[in-house]
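# Close look at the chain arrangement
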Amino acid sequence: MTAVGVQPSAVGRGDVVLRADGLSKRFGGLLAVQNVSFSQYDGEILAVIGPNGAGKTTLLNLLSGVYRPSSGRLHLLGRDVTQEPMEARCHAGLGRAFQIVRPFPEMTVHENVTVGALFGTRGTTLGQARERAYDLLERTGLAAHADKEAHELTLLQDKRLEVARALATQPRVLLLDEVMAGLRPGEAQEAVGLVRSVRDSGVSVLFIEHIMPVVRDLADRVVVMDQGQVLAEGTYHEVTANPQVVAAYLGTEEGLHA
Amino acid sequence: MSRAMDGGRAVVRRPDVPLRALLPLGLFFLLALVFPFLPLGERSEYLLQIAFFTLVAGVLALSWDILARSGQVSLAHAAFYGLGAYGFALLGKVMPWFLAMPAAALIAGLISLILGAVTMRLSGMYFAIATLAFTEVVRTIIQNLPEATAGGANGLLVPALLGGNARAQYFLAFGILLFTALVSLAIRRSRLHHAFAAIRQGEETARVLGVSVVKYKLLAFFISSFLAALGGVLYAGKTFFINPLETFSLANSIAPLTTSIFGGLYTTLGPILGATVLRVAEEILHNSIKNGYLVVYGLVLMLSILWLPRGLMGLLRRGKHGGDV
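The rules behind each value
Each chain has its residues counted from 1, following the order in which its sequence is written. Chain letters start at A and ligand numbers start at 1, both assigned in the order the entries are written. Only residues with pLDDT of 70 or above have their local features reported here, since the model is predicted, and side-chain atom pairs are shown and tallied only from 80 upward, although totals for entire chains, interfaces and linings are computed over all residues. Under the scheme used here, helices are H or I runs from DSSP no shorter than 4 residues and strands are E runs no shorter than 2 residues, and both carry numbers assigned from the N terminus. Here the globule rule reads 2.2 Å times residues to the power 0.38, and the radius of gyration is calculated from C-alpha atoms. Residues with at least 20 neighbouring C-beta atoms inside 10 Å of their own are called buried, those with 12 or fewer are called exposed, and the rest are partly exposed, where every C-beta is derived from the backbone. Residue pairs qualify as contacts under a 7 Å threshold applied to their C-beta atoms, which are placed from the backbone. By definition here, a helix of n residues has an expected span of 1.5 Å times n minus one. We call a set of buried Ala, Val, Leu, Ile, Met, Phe, Trp, Tyr and Cys residues a nonpolar core when their C-beta atoms link them within 7 Å. Each domain span listed reflects an automatic or database assignment of domains. Note on geometry: axes are C-alpha line fits, over the in-contact stretch for helices, and angles between N-to-C directions span 0 to 180 degrees. Crossing handedness is defined as follows: a turn of the near helix away from the far one that is anticlockwise and smaller than a right angle gives a left-handed crossing, while the clockwise case is right-handed. Polar here means any residue other than Ala, Val, Leu, Ile, Met, Phe, Trp, Tyr, Cys and Pro, which are nonpolar, and Asp, Glu, Lys and Arg, which are charged; Gly is therefore polar. Two strands make a pair as long as DSSP finds a minimum of two bridges between them.

### A short note on the overall build of chain B
- Scanning chain B from N- to C-terminus turns up 17 helices and 2 strands.
- Relative to its length of 325 residues, chain B is compact, with a C-alpha radius of gyration of 20 Å against a globular reference of 20 Å.

Spelled out as structure tokens, the structure:
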């Protein structure tokens, strides 16, 4: 598997951009996320995987600020953002694309991205935001659709829009929630290329994914979650060889590679 | 399809509000400006009064629409209209009208921030009910102020605006509607437009993209209520007698909503056009069907909302998006 092309040990051991310390989230009697700690390094593509109900999406919501943790801390670029609301985390350099695409329905594709560019970084004028939005549409292959409404796009284009809009906020860390879901294999390959180009532009990427070949192709490092806890952490090959991980995925090698 | 042709960087440079889209709006204000000079005959006094209240209805509807653009469908407009009316009546006793007017509007704007803060996390029906309750609270407070100053339930005399000169009053109302329209257009061309639209179309997504939702929602409340209060000042200064029941009536909260929907939501021209057509229609129906004109009026409104999902603006503008004024 040379798809990544870089030895994991050599990848991105630079500064820590995102650090979770003992994050927990309780919903009534359910401990959805339990004492989760990990670090993400600058320029790294980090995958979070795990069976359904492992707490991946809850973790992502804790990172982006949809939920406040019941306990634990979160640092973004060295700054404690545990109690910061979503918009402040965005300004601090955190971007997020949603699993279920959420374009603003009454806006054009270009206007959608303009919102991210205008409000994602302080001091951006409307003119600058429009320019940057168009640059991003070119980068994500949507320039020809700039004037369309979001509902006229295909699913792949919608996902590109979701990523373009998040990138417009000029994040240092981008959270991707199962962006490959619903894509055909060919489309997924295109999306993989898009995520790589995002990383190559200097943005660290944390993504949740179910499709294991995508994880194998993209991730520098993998965090495996099960029942709200971190089960294992390491390269794709390390974690897939871990018997505990295999057991968590229905106890079969097949479960993992399905 | 044709839009895809002019694609490329043109998308970036294209103005938010093309000049030709402003044409109908300019035409409206031109007509409104010359209206008092038309040979209106012996009914001119009556017609000028109708025209005055049409302008006030326009201020009320357009100011409501500005708040609605941020996703806040309020039933508290009567509260701010009434606060403007009462603020003007009380302040007018201690300062000249041209100071009492903005002061009353400012007070209404500041009070709206309280409502905005309280309803920040509410949406849809819950938000609407909370704003409705707020109107009742304000009405009750006004009604229970010392009777010697605020008139209690019986009401209050208001110094007539501009010495009761109907034509001067008309031009003041014209000026305030023009001001409201200019504010609306300025919003359309600014970052506020993008913030409001994003919050309306997906509040959580807007926050993830860095939109300071609290700030923009409160700003929408302040601007909207300030303008609505100016409408209330016009009302109070024209009728020179106000009472809580009429001033804070539910009708004053519902009218701007129906007017904006009928005219075309989230536009500048729509609510103004809606106010004009509905006021004139109401007047004609009132004069031709003495009894039950409201039934016909309601039916006309219902059918037009059914057939014109984007209001009168949908007729004017067949395009799917963009450039709406």
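### Remarks on the overall build of chain A
- Tallying secondary structure elements over chain A gives 10 helices and 10 strands in all.
- In terms of C-alpha radius of gyration, chain A reaches 18 Å, essentially the compact-globule figure of 18 Å for 258 residues.
- Its C-alpha atoms give chain A principal-axis dimensions of about 55 × 40 × 35 Å.
- Per-residue burial over chain A gives 48% buried out of 258 residues.
- Intrachain contacts of chain A at a sequence separation of at least 6 include 65% that bridge at least 24 residues.

### Describing helix α5 (residues 77–91) of chain B
- The end-to-end C-alpha distance of α5(B) is 21 Å, a good match for the 21 Å that 15 residues give at a rise of 1.5 Å each.
- Along α5(B), 14 of the 15 residues are buried, which leaves the element largely enclosed by surrounding structure.

### Considerations on unusual backbone geometry
All names here are of chain A.
- For Leu77, which is not glycine, the phi dihedral falls at a positive 50 degrees.
- Tracing the chain through its elements places Leu77 in the loop between β4 (71–76) and β5 (79–80).
- The partly exposed category is assigned to Leu77, around which 16 C-beta atoms lie within 10 Å.

### Digging into the nonpolar core
- Ala229(B) and Val233(B) are the most contacted members of the largest nonpolar core, which totals 162 residues.
- Looking at which element gives the most residues to this core, the answer is helix α12 (residues 213–239) of chain B, with 14 residues.
- Formed jointly, this core draws a minimum of three residues from each of two domains, domain 1 (14–93 + 172–258) and domain 2 (99–170) of chain A.
- For Ala229(B), the contacting residues outside a window of four places in its chain are Phe80(B), Tyr81(B), Leu83(B), Gly84(B), Gly87(B), Ala104(B), Ala105(B), Ala108(B) and Gly109(B).

### What about the packing of α5(B) against helix α14 (residues 250–263) of chain B?
All names here are of chain B.
- In the contact formed by α5 and α14, the axes pass within 7 Å of each other and the chain directions differ by 115 degrees. The chirality of how α5 crosses α14 is right-handed. Of the residues in α14, those touching α5 at His77, Ala78 and Tyr81 are Leu250, Asn252, Ser253 and Pro256.
- Of the residues belonging to the contact of α5 with α14, the class tally is 4 nonpolar, 3 polar and no charged.

### Focus: the interface of chain B and chain A
- Across the boundary between the two partners, chain B contributes 24 residues, which contact 30 residues of chain A.
- Residue assignment for the side of chain B that touches chain A shows that the elements contributing at least two residues are α1 (2–5), α2 (10–13), α10 (191–201) and α11 (203–208) of chain B.
- Broken down by class, the residue content of the side of chain B that touches chain A amounts to 10 nonpolar, 9 polar and 5 charged.

### Quick look at the domain arrangement of chain A
Residues and elements named next belong to chain A.
- Once the domains are mapped, chain A shows domain 1 (14–93 + 172–258) and domain 2 (99–170).
- Taking only C-alpha atoms, the centre of domain 1 and the centre of domain 2 are 24 Å apart.
- In this assembly, 14 residues from domain 1 lie in contact with 12 residues from domain 2.
- For the side of domain 1 that touches domain 2, the secondary structure elements donating two or more residues are α2 (86–92), β7 (173–177) and α6 (185–200).
- Ranked by residue count, the leading element in the side of domain 1 that touches domain 2 is α6, at 5 residues.
- For the side of domain 1 that touches domain 2, a count of residues per class yields 8 nonpolar, 2 polar and 4 charged.

### A few points about the sheet that holds β4(A)
Residue and element names in this part refer to chain A.
- Read across the open sheet, the 4 strands follow the order β2-β1-β4-β5; overall the sheet is antiparallel. If you trace the sheet from one side to the other, it starts and ends with β2 (30–41) and β5, each paired once.
- Strand direction decides the pairing type here: strand β1 (residues 16–27) and β2, joined by 8 bridges, are antiparallel. When the bridges of β2 are listed, Arg19 appears paired with Ser39.
- Against the sheet, helix α1 (residues 56–64) contacts β1, β2 and β4, and its axis sits at roughly 60 degrees relative to β2.

### Considerations on the sheet that holds strand β10 (residues 229–234) of chain A
Residue and element names in this part refer to chain A.
- Spatially, the 6 strands line up as an open sheet ordered β6-β7-β8-β3-β9-β10, and their pairing is mixed. Looking at strand neighbours, the two that pair on one side only are β6 (94–97) and β10, the edges of this open sheet. Sheet twist, expressed as the mean angle between neighbouring strand axes with direction ignored, is 20 degrees.
- Sheet topology places β7 next to strand β8 (residues 204–208); 5 bridges connect them, and they run parallel.

### Description of the pairing of strand β9 (residues 221–226) of chain A
All names here are of chain A.
- Within β9, 5 of the 6 residues are buried, leaving the element largely enclosed by the surrounding structure.
- Pairing of strand β3 (residues 45–49) with β9, which is carried by 4 bridges, proceeds in the parallel orientation. What sits directly across from Leu46, in β9, is Arg221.
- Strand direction decides the pairing type here: β9 and β10, joined by 5 bridges, are antiparallel. Paired with Val224 across the bridge in β10 is Ala232.
- If you look at the hairpin formed by β9 and β10, you'll find 2 residues sitting between the two strands, and Gln227 has a positive phi there, around 50 degrees.

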